[in-house]
Amino acid sequence: MILWWTLLLLTTPFQDALRFARYLDRQEDPYRAILEYRRALFLLDRPDTTLHDSVVYRIAYLYEVLEAPDRALQVLEEAWDTASAVWRFERGRALFLMGLYPEARRAWQGRDTLVGWTYLRQHRFTEAARYLGPLPTPPRKSPWLAAGLSALVPGLGKMYAGHFWDGVFSLLLNGFTGWQAYRSLRARRPLAAPLYGGLFAFFYAGNVYGSYVAARQYNRTQVDLLVARTEVRLNLWRYLP
């Protein structure tokens, strides 16, 4: 009992605040933990760079958990040792989460895996492969070929781009409106002919353009899949909160 009271008297306000902040941190209460870590910094009564900066890094980390990397970047400016490898890593991570990949790359210079990751996120696969190893080439579809195929046979370009049932629907829709336009012209119907003709032209043009867009979307999806699979294969997510 006497020992407990002695230890209690020896603890400083900074240590109390830091202990409570860590408790809130473990309880996954980042908002209140940040406030307590802030209070601990205010109460720090000695110029201990390592201790001060470790608290700053934890606050920055919690802001990243809260998806506020811009706030994390601001907090990191409060660190005293801005030349350390830890500070450069933490700053690079905040920049990376903000999508500022060239800036993150400069902060992470010398850490090949992380540098390669910034190139990977920018879809610069040739540069990424220099740091991460060989990367497969994602399959591609030509948007212009997709548009040309749908100009010849409505829906064919969408099938080529991987949207089979969308292509079938386009084929049926264009076939129906085209057939109705043809029948109306043969029957000399003054209202139906321009109506169905206009619908056919609208659907036909939309089908050609839609095929072009579908091929581009296919390419973007394949690139995103390559990035995601590479991140999983190399376990790159371990560097993020």
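Remember, it's a predicted structure, so these values are computed and weren't measured experimentally.

What counts and what doesn't
- Residues numbered from 1 in each chain as written.
- Predicted model: local features only at pLDDT ≥ 70, side-chain atom pairs only at ≥ 80, totals over all residues.
- Heavy atoms only, no water.
- Helix = DSSP H or I, 4+ residues; strand = E, 2+ residues; numbered from the N terminus.
- Buried < 20%, exposed > 50% of the residue type's maximum accessible area, 1.4 Å probe, protein only.
- Contact = heavy atoms within 4.5 Å.
- Core = buried A, V, L, I, M, F, W, Y, C linked by side-chain atoms within 4.5 Å.
- Patch = residues over 30% accessible without salt bridge, like charges linked within 9 Å, V, L, I, M, F, W, Y side chains within 5 Å.
- Areas by Shrake-Rupley, 256 points an atom, 1.4 Å probe, with all protein chains shown as cover.
- Salt bridge = Lys/Arg side-chain N within 4 Å of Asp/Glu carboxyl O.
- Axes fitted to C-alpha atoms, helices over the stretch in contact; angles between N-to-C directions.
- Parallel < 35°, antiparallel > 145°, perpendicular 65-115°, else oblique.
- Left-handed = near helix turned anticlockwise from the far one by under 90°.
- Nonpolar A, V, L, I, M, F, W, Y, C, P; charged D, E, K, R; others polar.

### A short note on the environment of D53
Then, in step 1: The residue D53 is located in helix α4 (residues 49-65) in this model.
Then, in step 2: Under the relative-accessibility criterion, D53 is labelled buried at 4%.
Then, in step 3: D53 sits 125 residues away from G178 along the chain, and the two C-alpha atoms are 71 Å apart.
Then, in step 4: Residues contacting D53, with those up to four places away along its chain left out, are A79, W80 and D81.

### Concerning the nonpolar core
Then, in step 1: Counting 48 residues, the largest nonpolar core has Y37, I59, W117 and L120 as its most contacted members.
Then, in step 2: For this core, the element with the highest residue contribution is α4, accounting for 8 residues.
Then, in step 3: For Y37, the contacting residues outside a window of four places in its chain are L18, A21, R22, D25, V55, R58, I59 and L62.

### Brief notes about a nonpolar patch on the surface
Then, in step 1: The grouping of L152, V153, L156 and L171 at the surface amounts to a nonpolar patch, some 340 Å² of accessible area in total.
Then, in step 2: Mapping V153 onto the fold places it in the loop between α10 (143-152) and α11 (156-160).
Then, in step 3: The exposure class assigned to V153 is partly exposed, which follows from its relative accessible area of 37%.

### Digging into the side chain of S170
Then, in step 1: Residue placement: S170 occurs in helix α12 (residues 164-186).
Then, in step 2: If sequence neighbours within four positions are ignored, S170 has contacts with P154, G155, K158 and N207.

### Examining unusual backbone geometry
Then, in step 1: Located in the positive-phi region is E28, a residue other than glycine, with phi close to 55°.
Then, in step 2: For E28, a relative accessible area of 70% puts it in the exposed group.
Then, in step 3: Backbone geometry at E67 places phi at a positive 60°, although glycine is not the residue there.
Then, in step 4: Within the secondary structure, E67 is located in the loop between α4 and α5 (69-76).
Then, in step 5: Its relative accessible area of 71% is what places E67 among the exposed residues.

### Considering the packing of helix α3 (residues 30-43) against α4
Then, in step 1: At a minimum axis distance of 10 Å, the contact between α3 and α4 shows a crossing angle of 160°. As judged from the angle between their axes, α3 and α4 are roughly antiparallel. Between α3 and α4 the crossing geometry is left-handed. Between α3 and α4, the contacting residues are P30, A33, I34, Y37, R38 and L41 on the first element and H52, V55, V56, R58, I59, L62 and Y63 on the second.
Then, in step 2: Looking at side-chain class alone, the contact of α3 with α4 contains 10 nonpolar, 1 polar and 2 charged residues.

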